[in-house]
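Chain residues, written in single-letter form:
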Amino acid sequence: MTSTATKSSYPDRPRKALCRNPFLSIKFFVFCHGLLQLSQLLVSGYLKSSISTIERRYGLSSQTSGLLASFNEVGNTLLIVFISYFGSRVHRPRFIGCGAILVSLAGFLMSLPHFITGPYEYDQSVASMFSNTTDLCQPEGPESQGNLSDTICAPHTARENHEVLLIMFIAQALLGIGGVPIQPFGISYIDDFASEQNSPLYLGILFSVTVIGPGVAFMLGSAMLRFYVDIDKITEDEVQLTNKDPRWVGAWWLGFLVAASLVAVSAVPYFFFPREMPKEVTSGKESGSKKSEDLLSQLRSKSEQVQNLSLTKFIKHFPMVLLRNLRHPVFLLVVLAQVNLSAMVAGLATFMGKFLERQFSLTASFANMIIGAVNIPGAMVGIVVGGAILKRFQVSLKQCSAMCVLGMLLCLLVAFPLLFLGCPTQKVAGVTYSESTDFGLHTLECSFHCNCPEKAYNPICGSDGIEYISPCHAGCEVVNIDSNSVLNYTNCSCISRNGPGGFAKPGTCGTDCSHLLLPFVVLSCVAGILASTSHTPSFMLILRSIQPEDKSFAVGIQFMLLRILAWMPGPVLYGSAIDTTCILWEKKCDRNAACRYYDNNLFRHRYLGLQFFFEVGAFLCFATVYMILRRQEMEARNVPETKTDPEKKKLTESTTKGPESKV
C-alpha cells in the first residue's frame, strides 16, 4: 500500500480533524493491536500453564495433551501461505477483528467442558455431598460401602471423555485459524501508514508484547489454579483438598473465560478502523535522503510485482521461490537451527510446569509463577541483549553467525549440569518400594485383607517415610478429621514395624530435595538468556542473505517450516517421551489415563535430554553457517586481480555481508 494512494483517499480533510478521530491515528492502532496480541497470547499461553491440571481432571496422557497444545498450529499452517498472497487486497482491520472474534470463541469453547461435565470426583476418606464411599481399610465392610474407585465404567463416562476432547480440539483449531490474520495484517498495516522514523518503534513495541504475553499467561495460570476447580458448584467449606494435595485440580477453566473476554473487548475497535488511513507525518525534516527513498521505491516495486500476481500465478510462483530459497545454504541452515530451537521451546513451554511439579514437588500454581516471573523474562532479556549488540557494533553476517555459535555454545555448557540437578523418585509402597513381592505389584501383604481397589488413589505419607497410594493400601482403619479436613490416619497395619498403631498424614511425602530448586531455576534461566541472544542475529542472517524481492516470501516460508517441523510435532514428541517414564497409570474404562507416578530420574534425563539434543542441533547448524560465510569471505579476498574493482567489491559485499553492508 503506497502513501500516494493513501493521500488521495483524504484530499479535503484538515489534518486537525483527522487527528481528533482516534480511528485515523496509527498510534491508537498500535495501542489496540498491542492489547489484542497480549489477549491472544493469554488464550494460547494459558493452555500451556494449565496443561498438567487438565490432564489430571480429564485423565489425559502427556502425548494427548501435547497434541492438544500443538493442534492450533494446524489451522494456522493451512492458511498462513494464503495470507501472504492477500496482503493489502482486503480490509485488514476488519479481517483482524474477525480473527479476534474466532480466537475469543475458541477461548470460551476451551472452558465449555467444565460446564457440561459433572463435578470432579476423587478418592476420599470422608463422606461428601457427592458420595458416601471411603477409601479406608474395610476387611469386613459390606459391598455397598466400597471405594469410589470401584465404580463401574458407564457408557456415558467414555462418551463424556470423547466429547471433552472433541470440543478442546475444535477450540484449538479455531484458535489457530483466528490467529492467522492478526500479526501479519497488523504489522503490514502499521508499516504502510506509520512514518519511516516511528515504524521500527511501533513494531518493536508489538514484538516486546509477543515476548511478554506468555509470561503474563503463566502468571494468570498461577492465580487461577489457586482456586478449586468446582468453585462455582460447591462452597469453600465443602472442599476437602488443599492445593498441595496431588489430587488437587485448580480452576483451569476460569483463565480461559478471562482471556477470551479480553480478546472479545479488544476486537471491537478494529471494525471502526478504515481500510486506509493518512500516512503519519513526523515533525522536523523528513527522514532519509533522496537516495534512500529511491532505493526503497525500487525494493517496493519488486515486492509489489509479486503481490500483484493473480492467485493462479501466485500458486505457480510460490514453489519456485520456495526452491530458490531452500537451495540457499545459509537460509536453509539458519531455518533448521531455528527449527531446533523452536522445537525445544515448544516442549519446554508446554511441559516445564509439569516437570517442576513432579521433580521438586511444587504446586501447579507455584510452578507457573516461576516460569512466568523468571524463565520467560530471562528469554526476553536475551532477545533484547542480542538486538542491542547488533545495533551497537554494526556487525556483518559472519559476525552474526559467530554470535549465534557463541551463544549456543555457552548455553550448552550451562544447560548440561541440569541433567544432574533433580530429585530421585520417592519411595512408594508397591510401586517403587516393596519389602515383599509375594502378592505382586501394587499389592502389599500387610493390607491384603483390606481388599483395596486397584484404582484407588489418595496418597498418604507414613510415619516410616514411605508413601502409600491410599489409606487402604497402608492398612489404615481410622481417620481423624477436623472441620471436614483430614488430620491423620491411625491404626495402619503396614506402617508400624513394631506392632499396631502406625499413623500417616494426608498427601504425598514429596521428593525432599527442595534445596536443588534454586540452582536449577538459576541455571535454566541463564541458559535461556544465552540461547535467546541468537534470536535477532539469526533473523538478520535470513533477511540479509536472500534477494530483497524474496523477503516477504522467505519470512512466510520460514514461519511455515517452523510450524510444520517444530511447533506442531514438538509438544507431541516431548509428551511421548514423558509418557515412557510413567510407572503407574490411572485407569479409566480399562485404558491408561493420567500418569500418577513417574520415574523422576528417567523423566529428567529424557525431558532435559531432548532439550540438550535440540540445542546441539542448533549449535551445529550455526557453526556450519559460520564456516560457509568464512569460506565465502576468503574466496572473495582471493578474487584474481584481473577483475575490475567494482566487480571485486560487488562479490565481497554479496558473500560477506549479503545485500546490505551492515546489519
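Remember, predicted model here, so these are calculated numbers, not experimental data.

So, how was this worked out
- Residues numbered from 1 in each chain as written.
- Predicted model: local features only at pLDDT ≥ 70, side-chain atom pairs only at ≥ 80, totals over all residues.
- Heavy atoms only, no water.
- Salt bridge = Lys/Arg side-chain N within 4 Å of Asp/Glu carboxyl O.
- Helix = DSSP H or I, 4+ residues; strand = E, 2+ residues; numbered from the N terminus.
- Buried < 20%, exposed > 50% of the residue type's maximum accessible area, 1.4 Å probe, protein only.
- Disulfide = S-S within 2.5 Å.
- Pairing = 2+ DSSP bridges.
- 1 Å grid on protein atoms, 1.4 Å probe; cavity = no way out; pocket = protein on both sides within 12 Å on 5 of 7 lines; lining within 4 Å.
- Points joined across faces, edges and corners; volume = space filled by probe spheres on them.
- Axes fitted to C-alpha atoms, helices over the stretch in contact; angles between N-to-C directions.
- Parallel < 35°, antiparallel > 145°, perpendicular 65-115°, else oblique.
- Left-handed = near helix turned anticlockwise from the far one by under 90°.
- Contact = heavy atoms within 4.5 Å.
- Core = buried A, V, L, I, M, F, W, Y, C linked by side-chain atoms within 4.5 Å.
- Lys, Arg positive; Asp, Glu negative; His and termini not counted.
- Polar contact = N/O pair within 3.5 Å; in protein donor to acceptor, adjacent residues only side chain to side chain.
- Nonpolar A, V, L, I, M, F, W, Y, C, P; charged D, E, K, R; others polar.

K.L.:
Give a description of the pattern of salt bridges that names residues and reports values.
P.N.:
With the rule as written, the count across this model stands at seven salt bridges. Here E55 and K354 are joined by a salt bridge, their closest N and O atoms 2.5 Å apart. Taken together, the residues span a long stretch of sequence, with E55 in helix α4 (residues 51–58) and K354 in helix α14 (residues 329–360) at a distance of 299 residues. The exposure class of E55 is buried, given its relative accessible area of 3%. Between R56 and E357 there is a salt bridge whose closest N-O contact spans 3.6 Å. Here E357 lies in helix α14 and R56 lies in helix α4, a separation of 301 residues in the sequence.

K.L.:
Outline the state of the cysteines, listing residues and values.
P.N.:
Counted according to the given criterion, the structure contains five disulfides. A disulfide bridge connects C461 with C509, and the sulfur atoms are separated by 2.0 Å. Between C461 and C509 the disulfide shows an S-S torsion of about 105°. By sign, it is right-handed. Of this pair, C461 sits in strand β1 (residues 460–462) while C509 sits in the loop between β5 (502–506) and α17 (517–532), and the two are 48 residues apart along the sequence. A residue is classified by how much of its surface remains accessible, and C461, at 10% relative accessible area, is buried. There is a disulfide in this structure between C476 and C492, and the S-S distance comes to 1.9 Å. Between C476 and C492, the disulfide has an S-S torsion of 105° and is therefore right-handed. Here C492 lies in strand β4 (residues 485–492) and C476 lies in strand β3 (residues 476–482), a separation of 16 residues in the sequence.

K.L.:
Could you give me a rundown of the sheet that holds β5, with the residues and numbers involved?
P.N.:
The strand order across the open sheet formed by five strands is β2-β1-β5-β4-β3, and the pairing between neighbours is antiparallel. Each of the sheet's edge strands pairs with one partner strand only, and the pair in question is β2 (467–468) and β3. Of the strand pairs in this sheet, β4 and β5 are connected by two bridges, and their pairing is antiparallel. Its bridge partner being in β5, Y489 is matched across the sheet by A504.

K.L.:
A description of the environment of G465 should follow, citing residues and the corresponding values.
P.N.:
Assignment of secondary structure puts G465 in the loop between β1 and β2. Owing to a relative accessible area of 45%, G465 belongs among the partly exposed residues under this scheme. C-alpha separation for the pair G465 and I495, spaced 30 residues apart in sequence, amounts to 9.1 Å.

K.L.:
Please set out unusual backbone geometry residue by residue, giving values where relevant.
P.N.:
Of note, S361 is a non-glycine position whose phi angle comes to about 55°, a positive value. Structurally, the position occupied by S361 is in the loop between α14 and α15 (364–393). Relative accessible area serves as the criterion here: at 36%, S361 is assigned to the partly exposed category. A positive phi is found at N491, a non-glycine position, where the angle reads about 55°. As for its position among the elements, N491 is in strand β4. Overall, N491 belongs to the partly exposed group, its relative accessible area being 41%.

K.L.:
An account of empty space enclosed by the protein is requested, with residue identities and associated values reported.
P.N.:
Under the definition given, this model contains one cavity of 30 Å³ or more. Sorting the residues of the lining of the largest cavity by element identifies α3 (26–49), α4 and α14 as the ones contributing at least two each. Looking at the lining of the largest cavity, the element that brings in the most residues is α14, giving four residues.

K.L.:
Account for the packing of α14 against α15, with residues named and values stated.
P.N.:
Packing of α14 against α15 brings their axes to within 9 Å, and their N-to-C directions diverge by 125°. When the axis of α14 is compared with that of α15, the two are oblique. Crossing handedness for the pair α14 and α15: right-handed. Across from M352, G353, L356 and E357 in α14, the residues of α15 making contact are A364, A367, I370 and I371.

K.L.:
Can you tell me about the environment of T581, naming the residues and giving the values?
P.N.:
Summarising the element assignment, T581 is placed in the loop between α20 (569–579) and β6 (582–588). Linking T581 and H605, residues 24 residues apart in sequence, is a C-alpha distance of 9.8 Å. Residues in contact with T581, not counting those within four places in the same chain, are Y598, D599, L602, F603 and R606.

K.L.:
Give a detailed account of the nonpolar core, specifying residues and quantitative values.
P.N.:
One finds F355, L356, F360, F520, L541, Y607 and F622 to be the most contacted residues of the largest nonpolar core, which totals 77 residues. Among residues more than four places away in sequence, those in contact with F360 are F355, L421, C423, T511, C513, L516, L517 and F520. The next biggest cluster of nonpolar side chains, apart from the first, holds 61 residues, and it includes I190, L206, V229 and I234.

K.L.:
Hey, could you go over the side chain of R57 for me, with residue numbers and the actual values?
P.N.:
Inspection of the secondary structure assignment puts R57 in helix α4. For the buried R57, which has no salt bridge, the nearest side chain bearing the opposite charge is D230, at an N-O separation of 5.2 Å. A distance of 2.8 Å separates a polar side-chain atom of R57 from the backbone oxygen of G118. In contact with R57, not counting residues within four places along its chain, are T117, G118, P119, Y120, V229, V249, W252 and K588.

K.L.:
Give a description of the packing of helix α7 (residues 92–116) against helix α9 (residues 182–193) that names residues and reports values.
P.N.:
The packing of two helices is summarised by the inter-axis angle and the distance between the axes. Axis separation between α7 and α9 bottoms out at 9 Å; the angle between their running directions is 155°. Taken together, the axes of α7 and α9 lie roughly antiparallel to each other. Note on packing geometry: the crossing formed by α7 with α9 is left-handed. For the pair formed by α7 and α9, the contact residues are R92, P93, F95, I96, G99, A100 and V103 on the first element and I182, F185, G186, S188, Y189, D192 and F193 on the second. Here the contact of α7 with α9 is built from residues that sort into nine nonpolar, three polar and two charged.

K.L.:
Tell me about the environment of M224, and please be specific about residues and values.
P.N.:
With respect to the secondary-structure elements, M224 resides in helix α10 (residues 199–224). Sequence-wise, M224 and W253 are 29 residues apart; in three dimensions their C-alpha atoms are separated by 8.4 Å. Ignoring anything within four residues of it in the chain, the contact list for M224 reads Y46, A251, L254 and G255.

Note that all results are geometric; they support no functional claim without further evidence.
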